[in-house]
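Architecture and fold: a report
Okay, here's what each chain looks like letter by letter:
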Amino acid sequence: MEISYGLNDLAEIAEAIITNTKSKTILFYAAMGTGKTTLIKEISRQLGCNISSSPTFALVNEYETTNDEILYHFDFYRIENEIEAYDIGIEEYLDNNSWAFIEWPEHVENILPTDAQVVTITTNEDNSRTLTMN
């Protein structure tokens, strides 16, 4: 799936991701400032919880949805090595069939589930975004 979108289309894009994902673990690949966190906030809202910001320093934030599901939001931008991910217990977070949204997954690629949904976002010349799910 490949979709180009603008900020006004976030609700539609989030719904498409939820509907078409092959996994509750979603890896968000994108450059700084592309809108990963903004999109994750909208997906989370549609799943029944409001997140305030990216867990840049905590590495992971945990939220409960209105359906009593757990949602984990990871941000591995500042991680220096995969040992730090093991130190927070990443295996336990990813091994329980909860929603898990991971920003900067390239920093921990060797320990990610192979069946995770990959989402790539790029910025276009007109400042719109193109999202690819594979």
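Structure: above.
Description of the structure in this document. (Residues numbered from 1 in each chain as written. Predicted model: local features only at pLDDT ≥ 70, side-chain atom pairs only at ≥ 80, totals over all residues. Heavy atoms only, no water.)

Taken as a whole, the largest pocket encloses approximately 150 Å³ of empty space. Along the wall of the largest pocket there are 13 residues; nearest its centre are Met32, Gly33, Lys36, Thr37 and Glu103. With three residues, the single largest contributor to the lining of the largest pocket is helix H2 (residues 36–47). Of the residues belonging to the lining of the largest pocket, the class tally is three nonpolar, six polar and four charged. (1 Å grid on protein atoms, 1.4 Å probe; cavity = no way out; pocket = protein on both sides within 12 Å on 5 of 7 lines; lining within 4 Å. Points joined across faces, edges and corners; volume = space filled by probe spheres on them. Helix = DSSP H or I, 4+ residues; strand = E, 2+ residues; numbered from the N terminus. Nonpolar A, V, L, I, M, F, W, Y, C, P; charged D, E, K, R; others polar.)

Look at H2: 16 Å from first C-alpha to last across twelve residues, which is about the 16 Å you get at 1.5 Å a residue. Among all positions in H2, only Lys36, Thr37, Leu39, Ile40, Glu42, Ile43, Ser44 and Leu47 are buried. (Expected span 1.5 Å × (residues − 1). Buried < 20%, exposed > 50% of the residue type's maximum accessible area, 1.4 Å probe, protein only.)

Turning our eyes to something else, we now look at the sheet that holds strand S7 (residues 129–133). Spatially, S1-S7-S6-S2-S5-S4-S3 is the arrangement adopted by the seven strands of the open sheet, whose pairing is mixed. Strand pairing shows two members of the sheet lacking a second neighbour, strand S1 (2–5) and strand S3 (60–64), which therefore form its edges. With direction set aside, neighbouring strand axes in the sheet form an average angle of 20°. By the bridge criterion, five bridges tie strand S2 (residues 25–30) to strand S6 (residues 117–123) in an arrangement that is parallel. From the neighbouring strand, tyrosine 29 faces S6, where its bridge partner is threonine 120. Against the sheet, H2 engages S1, S2, strand S4 (70–75), strand S5 (99–103), S6 and S7, with an angle of about 170° to S5. (Pairing = 2+ DSSP bridges. Axes fitted to C-alpha atoms, helices over the stretch in contact; angles between N-to-C directions. Contact = heavy atoms within 4.5 Å.)

The full count for this structure, using the stated rule, is two salt bridges. Lysine 24 is paired through a salt bridge with glutamate 69; the nearest N and O atoms lie 2.6 Å apart. Linking lysine 24 in the loop between helix H1 (10–20) and S2 with glutamate 69 in the loop between S3 and S4, this pair joins segments that are 45 residues apart in sequence. Residue glutamate 42 is joined to arginine 45 by a salt bridge in which the shortest nitrogen-to-oxygen separation is 2.7 Å. (Salt bridge = Lys/Arg side-chain N within 4 Å of Asp/Glu carboxyl O.)

Mapped onto the fold, tyrosine 93 is located in helix H4 (residues 90–94). Along the backbone, tyrosine 93 and glutamate 15 are 78 residues apart, and their C-alpha atoms lie at a distance of 24 Å. Here tyrosine 93 is in contact with Val60, Tyr72, Phe74 and Ile88, once residues within four sequence places are set aside.

In this section: the packing of aromatic side chains. Per the stated rule, a full pass over the model turns up seven aromatic pairs. Their ring planes at 45° and their centres at 6.4 Å tell us that tyrosine 72 and phenylalanine 74 sit as a pair that is tilted. Owing to a relative accessible area of 0%, phenylalanine 74 belongs among the buried residues under this scheme. When the ring of tyrosine 72 is compared with that of tyrosine 93, the centres are 4.8 Å apart and the planes differ by 75°; the resulting orientation is edge-to-face. Taken as a pair, tyrosine 72 in strand S4 and tyrosine 93 in helix H4 lie far apart in primary sequence, 21 residues in all. Overall, the relative accessible area of 7% leaves tyrosine 72 in the buried class. Each residue in the set Tyr72, Phe74, Phe76 and Tyr93 is aromatic and connected to the rest through ring pairs, giving one cluster. (Phe/Tyr/Trp six-rings, centres within 6.5 Å; stacked < 30°, edge-to-face > 60°.)

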